[in-house]
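A look at the structure
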Amino acid sequence: MKECRIAWSPGEARIAVCDGDDLLDFGLWRPGMPDGYGDIHLVRVQKAAPALGGAFVTLFDHSTGFLTGTHQEGALVAARVTRSAQNGKGLRLKPLTGHSPEGNIPQLVSRGPTPLEEIAARYPDLALCCDDPALMAQIPAALRPRIERVSQAFDTVLEALCDELSTPQASLPNGLRATITPTPALTAIDLDDPSPDQRRQMDGFAANRHGFVALSREIRLRNLSGAILIDPAGVPLRKRPALGAFLATALADDPMQPRMLGATALGLLEVVRTRGRAPLHEALSSPGGRGLSALRQILRDKGSVMAGGNPVLRASLAVVRALETEREALSHFALCWGAPLTLTMMPDYPDAYWSFTP
């Protein structure tokens, strides 16, 4: 039976659509850290860049973005965000045709749909199973009739499935394993067959073909986007182009409409998937993402630790600064722990490391 389960921790909702022990869809919603995807803005054109097919613009908060199309410098343009900041690049926007700008300064006109609203619209018949009343105030009014309170949104199996999405490897059917390596230019996926001799009555071509449905699901769950190159396991170079049709079929249900472009001269299967929100690995490894993950882990591991006291989180400058802007998340943590959290900057800590004293 399909379910949409929402696990709320300070500043972050993890949204998982599952069917039994199968994870079908996943999203992260951070109300205090909106990624801007789908937002409508009134932007100021700062510098035209015809060679790039657009212009650099300034937004209401003085951040910059890139607006597609031809525009006059200094003009105010109504535009929608079509790609959130990711891969070291800022927001990408598209002009809104037929929309007359109102106002004389850059401004945020309206917010786009949240990840929760997107997933809820994708599965309109599912109840939204939530485990924390603190989330209720954050959920849009239109979705509240679908909320169903549960004592625990994620059981140990679902928790483990979601945690695996933060790792670079994924297990596929018939013994195959995918190793996922994002780079600034593309995402490389290496399919490996650790024990080919143990698989009987199925050659490498069939094993890859049957693994594509699970692989396409991993691509969607992790929100991998842009150029994706897949190296099949144990398939001769001359046979690899024939795998393209099977991969295209497996990708057909993806809402971001990925396209199978063919096989390269080296036999790599080439896929392009539309960029929208930042991929999961970027969301998890950002300073804010690492800080919210630390809060969740501290509360999850609380166990028999006595509430109260003077809890102290030590982390890098970037992580602490990101958490300092998350007042509601810190208030929620204090409510769950029983005492406010003290944040201490540690200049010698890398972003991936933190320490905690109860």
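Presented here is a report on the structure given in the accompanying data block. (Residues numbered from 1 in each chain as written. Predicted model: local features only at pLDDT ≥ 70, side-chain atom pairs only at ≥ 80, totals over all residues. Heavy atoms only, no water.)

Bringing the overall build of the chain into the picture now. A tally of regular secondary structure across the chain gives eight helices and 20 strands. Expected size for 358 residues packed as a compact globule is a radius of gyration near 21 Å; at 22 Å, the chain falls within 12% of this value. Counting only C-alpha atoms, the chain reaches 65 × 60 × 50 Å along its principal axes. Within the chain, the proportion of its 358 residues that are buried is 45%. A sequence separation of at least 24 residues applies to 65% of the contacts in the chain between residues at least 6 apart. For the chain, the distance from the average site of its 37 positive side-chain charges to the average site of its 38 negative ones is 4 Å. (Helix = DSSP H or I, 4+ residues; strand = E, 2+ residues; numbered from the N terminus. Rg over C-alpha atoms; globule rule 2.2 N^0.38 Å. Buried < 20%, exposed > 50% of the residue type's maximum accessible area, 1.4 Å probe, protein only. Contact = heavy atoms within 4.5 Å. Lys, Arg positive; Asp, Glu negative; His and termini not counted. Charge placed at Lys NZ, Arg CZ, Asp CG, Glu CD.)

Counting residues in hydrophobic clusters, the biggest one holds 23 residues, and the most contacted among them are Ile189, Leu191, Phe212, Leu215, Ile230 and Leu247. Among the elements that line this core, the one with the most residues is helix α3 (residues 204-221), at five residues. Apart from the residues lying within four places of it in its own chain, the contact partners of Leu247 are Phe212, Ile230, Met260, Leu269 and Val271. Membership of the second largest hydrophobic core comes to 19 residues, among which are Ile6, Leu116, Ala120 and Leu128. (Core = buried A, V, L, I, M, F, W, Y, C linked by side-chain atoms within 4.5 Å.)

Attention shifts here to helix α1 (residues 115-122). Looking only at α1, the buried set comprises Pro115, Leu116, Ile119 and Ala120. Down the axis of α1, the buried side of the element spans an arc of 130°, and every buried residue falls inside it. Packing partners of the buried residues in α1 comprise β1 (2-9), β2 (12-19), β3 (22-29) and β10 (128-130). (Arc of directions from axis to C-beta.)

Attention now goes to the sheet that holds β10. Read across the sheet, five strands follow the order β3-β2-β1-β10-β11 without closing on themselves; strand pairing throughout is mixed. Pairing within the sheet leaves two strands with one partner each, and these edge strands are β3 and β11 (147-149). For this sheet, the mean angle separating the axes of adjacent strands, direction not counted, is 25°. Of the pairings in the sheet, the one linking β10 to β11 comprises three bridges and is parallel in character. When the sheet's bridge partners are listed, Leu128 is paired in β11 with Ile147. (Pairing = 2+ DSSP bridges. Axes fitted to C-alpha atoms, helices over the stretch in contact; angles between N-to-C directions.)

Taken as a whole, the largest pocket spans an internal volume of roughly 1,300 Å³. If you go around the largest pocket, you meet 49 residues; those closest to its centre are Pro34, Asp35, Ser84, Arg277 and Ala278. Elements supplying a minimum of two residues to the lining of the largest pocket: β3, α1, α3, α5 (280-285) and α6 (287-300). Among the elements that line the lining of the largest pocket, the one with the most residues is β3, at five residues. (1 Å grid on protein atoms, 1.4 Å probe; cavity = no way out; pocket = protein on both sides within 12 Å on 5 of 7 lines; lining within 4 Å. Points joined across faces, edges and corners; volume = space filled by probe spheres on them.)

Applying the stated criterion across every chain yields a total of 15 salt bridges. Put simply, Glu3 and Arg5 hold a salt bridge, and the shortest N to O gap is 3.2 Å. Given the relative accessible area of 25%, Glu3 is considered partly exposed. Judged by relative accessible area, Arg5 falls into the buried class, the value being 13%. Arg300 is paired through a salt bridge with Asp163; the nearest N and O atoms lie 3.8 Å apart. Remark: Asp163 occurs in helix α2 (residues 156-164) and Arg300 occurs in helix α6; sequence separation between them is 137 residues. Accessibility expressed as a relative area gives 42% for Arg300, which makes it partly exposed. Look at Asp163 and you get partly exposed, because its relative accessible area is 29%. When salt bridges with common partners are traced through the structure, they connect Arg14, Glu159, Asp163 and Arg300 into a single cluster. (Salt bridge = Lys/Arg side-chain N within 4 Å of Asp/Glu carboxyl O.)

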